[in-house]
Amino acid sequence: SATGPIKLTSGEIIDSKNVVEKTLSTAYSRFENENNLRKEYLVGIFKATYQKLQSGEFSKISAIKAVAKSLHENRILVGFNDNVLERKIINSRISGNLNFSKSNEFRSVVINTSGNKLDYYLDRRIKIETTSCGKHTGIEMSLTLTNTVPKSSKLPSYVQGRLDLRKVEGVAGGHGLTLLIYGPKNFEFTSILRSQSEDSSVEFAEELGRPIALFRVDLAARESETFLIKG
């Protein structure tokens, strides 16, 4: 966004609109049997971008706005091996630290259990709203996961394969994952619903006073599932 389009040595143009698709989708298909070439391709994108930054060929205002947006969306996280430095940032947005004090923070964690590369095709929609006020505030959270892989997908087997099912050639783009939803400190789940009627299972856990609802999810190509949590 700050540097404008970059040009690779091959002549290919990478910009803010196609960089995610190029690096997380196109690269896997283009270099299906050449993993080292895929890495070189990604390094080439990084180098071309860095050269523009190093030469000052970018908008500083646009750069600040882009970084601010990334921070706001929790896309930039920093960790230190030095415990002193780690403690200094522990309560900042860049730490990614779970809030264990009383708050209204919800957090969803998606873990790919398929051993494939379908995360690029997983769409997430989250909505949180207050349903009642007073001594005990009512909260409702809905989260919808959608596997956007086309049903007639011709993705490489190592992109859509299911190592968890021992099916390397893929299962029509099926995506297996584990979903964890953290409630706020001392939050109590009063109702949990899943839109997939054939699978209403949920497991519960706790981490330092924060309740966790855990779901095993399996989404076929173009399939969605919605999770509704009340408390």
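Residues numbered from 1 in each chain as written. Predicted model: local features only at pLDDT ≥ 70, side-chain atom pairs only at ≥ 80, totals over all residues. Heavy atoms only, no water.

### Things to note about the environment of Ser132
- By the secondary structure assignment, Ser132 is in strand E4 (residues 122-132).
- The contact partners of Ser132, leaving out residues within four places of it in the chain, are Thr137 and Gly138. (Helix = DSSP H or I, 4+ residues; strand = E, 2+ residues; numbered from the N terminus. Contact = heavy atoms within 4.5 Å.)

### Points about the sheet that holds E4
- The strand order E4-E5-E10-E7 describes an open sheet built from 4 strands, whose pairing is antiparallel. Only two strands of the sheet have a single neighbouring strand rather than two, namely E4 and strand E7 (191-194). Adjacent strand axes in the sheet meet at a mean angle of 10° when their direction is disregarded.
- Direction of pairing for strand E5 (residues 138-147) relative to strand E10 (residues 224-230): antiparallel, over a ladder of 7 bridges. Along E10, the bridge assignment pairs Thr144 with Thr226. (Pairing = 2+ DSSP bridges. Axes fitted to C-alpha atoms, helices over the stretch in contact; angles between N-to-C directions.)

### Details of a nonpolar patch on the surface
- Together, Val20, Leu24 and Tyr120 line one region of the surface with nonpolar side chains, adding up to about 250 Å² of accessible area.
- Within the fold, Leu24 resides in helix H1 (residues 19-30). (Patch = residues over 30% accessible without salt bridge, like charges linked within 9 Å, V, L, I, M, F, W, Y side chains within 5 Å. Areas by Shrake-Rupley, 256 points an atom, 1.4 Å probe, with all protein chains shown as cover. Salt bridge = Lys/Arg side-chain N within 4 Å of Asp/Glu carboxyl O.)

### Re the sheet that holds strand E8 (residues 203-207)
- Spatial strand order, E3-E6-E9-E8: 4 strands in an open sheet with antiparallel pairing. The two strands at the open ends of the sheet, each matched to only one other strand, are strand E3 (107-112) and E8. The average undirected angle you get between the axes of adjacent strands in this sheet is 25°.
- Looking at chain direction, E3 and strand E6 (residues 175-182) are connected through 6 bridges and run antiparallel. In the strand pairing of E6, Ser108 is matched with Ile181.

### Re the pattern of salt bridges
- Counting across every chain of the model gives 11 salt bridges.
- When the shortest N-O distance is used, the salt bridge between Glu73 and Arg75 registers 2.6 Å.
- When its relative accessible area of 35% is taken as the criterion, Glu73 is described as partly exposed.
- For Arg75, a relative accessible area of 63% translates into the label exposed.
- A salt bridge links Asp164 to Arg162; the shortest N-O distance between them is 2.9 Å.
- Relative accessible area serves as the criterion here: at 35%, Asp164 is assigned to the partly exposed category. (Buried < 20%, exposed > 50% of the residue type's maximum accessible area, 1.4 Å probe, protein only.)

### Re the pairing of E10
- Residues of E10 alternate between two faces, with Glu225, Phe227 and Ile229 buried on one and Ser224, Thr226, Leu228 and Lys230 left unburied on the opposite face.
- Bridging between E7 and E10 involves 4 bridges; their strand directions are antiparallel. Of the residues in E10, the one forming a bridge with Leu193 is Leu228.

### Describing the layout of surface pockets
- Within this model, the second largest pocket holds a volume of roughly 430 Å³.
- Taken together, 15 residues line the second largest pocket, and the ones lying closest to its centre are His136, Thr137, Ile139, Asn186 and Phe187.
- Its residues assigned to classes, the lining of the second largest pocket comprises 3 nonpolar, 8 polar and 4 charged. (1 Å grid on protein atoms, 1.4 Å probe; cavity = no way out; pocket = protein on both sides within 12 Å on 5 of 7 lines; lining within 4 Å. Points joined across faces, edges and corners; volume = space filled by probe spheres on them. Nonpolar A, V, L, I, M, F, W, Y, C, P; charged D, E, K, R; others polar.)

### Details of unusual backbone geometry
- With phi around 60°, Asn74 is a residue other than glycine that occupies positive phi space.
- Exposure remark for Asn74: the relative accessible area of 44% places this residue in the partly exposed category.
- In this structure, Asn186 is a non-glycine residue whose phi angle is positive, near 65°.
- The topology assignment puts Asn186 in the loop between E6 and E7.

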